[in-house]
Amino acid sequence: MKKPLALVTGAAGFVGSHLAERLLSEGFSVVGVDNLCTGRLRNLESFQDHPDFQFLKADLIEGVPADLRDRPWDWIFHFASPASPPKYFQMPLETLRINSEGTRHLLELCQKSGSKFFYASTSEVYGDPLVHPQAESYWGNVNPIGVRSIYDEAKRYGEAITYAYHRSHQVDVRVIRIFNTYGPRMDPEDGRVVTNLMFQALKNQPLTLYGDGLQTRSFQFVSDLVEGVCRLMRTDYVWPVNLGNPGEFTILEFAERVRSLIPSARENVFLPLPSDDPKQRKPDIGLAKKLLDWEPKINLEQGLAITLDYFKTRET
Ligand code: UDP
């Protein structure tokens, strides 16, 4: 029997590489595309020689590469985008364009090929939320001209154009809103709280906390996210679904978790809070539970231990 064919953009990224590997294990042929602006080829190492995997370095902002245009795609997953605040601050126009023009190019391809489209959106569409926890029905509190708008509004536009193609051209779509996710293959240089604090602890440096450290985040382990993605693919539900771990921690509490895991960690130092940094974030996962019979399996302690093991053996 012919294998189903999937395109994964951002395949050399942290989440994209885990998804590509999972799809291969489920019997898909997978073409991974990445322009490597934040993705890393080392993330492909464990499956790059798989006979059903092909990698192409390309930038979807410029359009769909010619040799990908006429294939019988079953699924097109759009995960390509800078995603950590320091990286999207460095690449504002690329971030806006890959989620707008890039998304449009892929939706056109879906319309032509009859493929289903899967868009990786984000909890950032809720901005600095005034509703807690955040359910899919919340429209958000986003500063349209703030420093984070390049990411937040790009992803909001990405959702909007996805539903425009769904409504006008009947493209079959799935959208997830991803809450803070961590695990092996994160880029140590991405500047997120998980990587910054773990590497600072490993290098015997003080832990940098922005603001008073009382802002909250909810941390999801990457395998839980990928499981949710694969379950959503197999439903007919076209509207956005939150995927995240509802366990909520202040950044101070998170630093304590890192300290108990990595005893070489030093004291906290407090640095200015970046502007528009959300004060609280926690997913309402009621919809995912009901629709997908899904909930996160890996708690923060277990996930950080697995991540530490990876960082120690592969990144230091
Ligand atoms: N943060 C911090 N120290 C760091 C990096 C981040 O205190 O070295 C804070 C950041 O201000 C935010 C939270 O940790 O409140 C999560 O930041 P991250 O960049 O991981 O993701 P975000 O949820 O902001 O997209």
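Rules used throughout
Residues numbered from 1 in each chain as written. Predicted model: local features only at pLDDT ≥ 70, side-chain atom pairs only at ≥ 80, totals over all residues. Heavy atoms only, no water. Core = buried A, V, L, I, M, F, W, Y, C linked by side-chain atoms within 4.5 Å. Buried < 20%, exposed > 50% of the residue type's maximum accessible area, 1.4 Å probe, protein only. Helix = DSSP H or I, 4+ residues; strand = E, 2+ residues; numbered from the N terminus. Contact = heavy atoms within 4.5 Å. Pairing = 2+ DSSP bridges. Axes fitted to C-alpha atoms, helices over the stretch in contact; angles between N-to-C directions. Polar contact = N/O pair within 3.5 Å; in protein donor to acceptor, adjacent residues only side chain to side chain. Phe/Tyr/Trp six-rings, centres within 6.5 Å; stacked < 30°, edge-to-face > 60°.

Caption draft 1: Representation of the nonpolar core within the structure. If you look at the biggest cluster of nonpolar residues, it comprises 59 residues, and the most contacted ones within it are Leu19, Leu23, Phe77, Phe79, Phe118, Ile176 and Val229. Among the elements that make up this core, the one with the highest residue count is helix α6 (residues 222-233) (seven residues). Contacts of Leu23, omitting those with residues within four sequence positions, involve Ala6, Val8, Phe28, Val30, Phe77 and Met233. Formed by 27 residues, the second largest nonpolar core is a distinct cluster that contains Leu5, Leu106, Leu107 and Val238.

Caption draft 2: Examining the environment of Leu23 more closely. Note that Leu23 resides in helix α1 (residues 14-25). Accessibility expressed as a relative area gives 0% for Leu23, which makes it buried.

Caption draft 3: Summary view of the sheet that holds strand β2 (residues 29-34). Strand order across the open sheet formed by seven strands is β3-β2-β1-β4-β5-β6-β11, with parallel pairing between neighbours. Strand pairing shows two members of the sheet lacking a second neighbour, β3 (53-57) and β11 (241-243), which therefore form its edges. With strand direction ignored, the average angle separating the axes of adjacent strands in the sheet is 20°. Here strand β1 (residues 5-9) pairs with strand β4 (residues 75-78) via four bridges, running parallel. Bridge assignment links Ala6 to a residue of β4, and that residue is Trp75.

Caption draft 4: Here's a closer look at the side chain of Thr9. With respect to the helices, strands and loops of the structure, Thr9 is situated in strand β1. Assessed through its relative accessible area of 0%, Thr9 is described here as buried. One polar contact links the side chain of Thr9 to the main-chain amide nitrogen of Ala80, over a distance of 3.0 Å. In contact with Thr9, other than residues within four places in its own chain, are Val33, Leu60, Phe77, His78, Phe79, Ala80 and Leu106.

Caption draft 5: Structural context of the environment of Gly158. Considering the arrangement of structural elements, one finds Gly158 in helix α4 (residues 149-169). Taking the relative accessible area as the measure of exposure, Gly158 reaches 0% and is therefore buried. It is 8.9 Å that separates the C-alpha atoms of Gly158 and Ala120, two residues lying 38 residues apart in sequence. Non-local contacts of Gly158, meaning those with residues more than four positions away in its chain, are made with Asn99, Thr103 and Tyr119.

Caption draft 6: Local environment of the packing of aromatic side chains. A complete count under the given rule lists 15 aromatic pairs for this structure. Their ring planes at 5° and their centres at 4.4 Å tell us that Tyr88 and Tyr151 sit as a pair that is stacked. Of this pair, Tyr88 sits in helix α2 (residues 85-90) while Tyr151 sits in helix α4, and the two are 63 residues apart along the sequence. Judged by relative accessible area, Tyr151 falls into the buried class, the value being 7%. Look at Tyr126 and Tyr138: their rings are 6.0 Å apart centre to centre, the planes differ by 20°, and that puts the pair in the stacked class. Placement of Tyr126 in the loop between β5 (116-122) and α4 and of Tyr138 in the loop between β5 and α4 is noted, with a sequence separation of 12 residues between them. Here the two residues Tyr126 and Tyr138 agree in accessibility, since each one is buried. Here a set of aromatic residues connected by ring pairs shows up, and it is made of Trp75, Phe77, Phe79 and Phe118.

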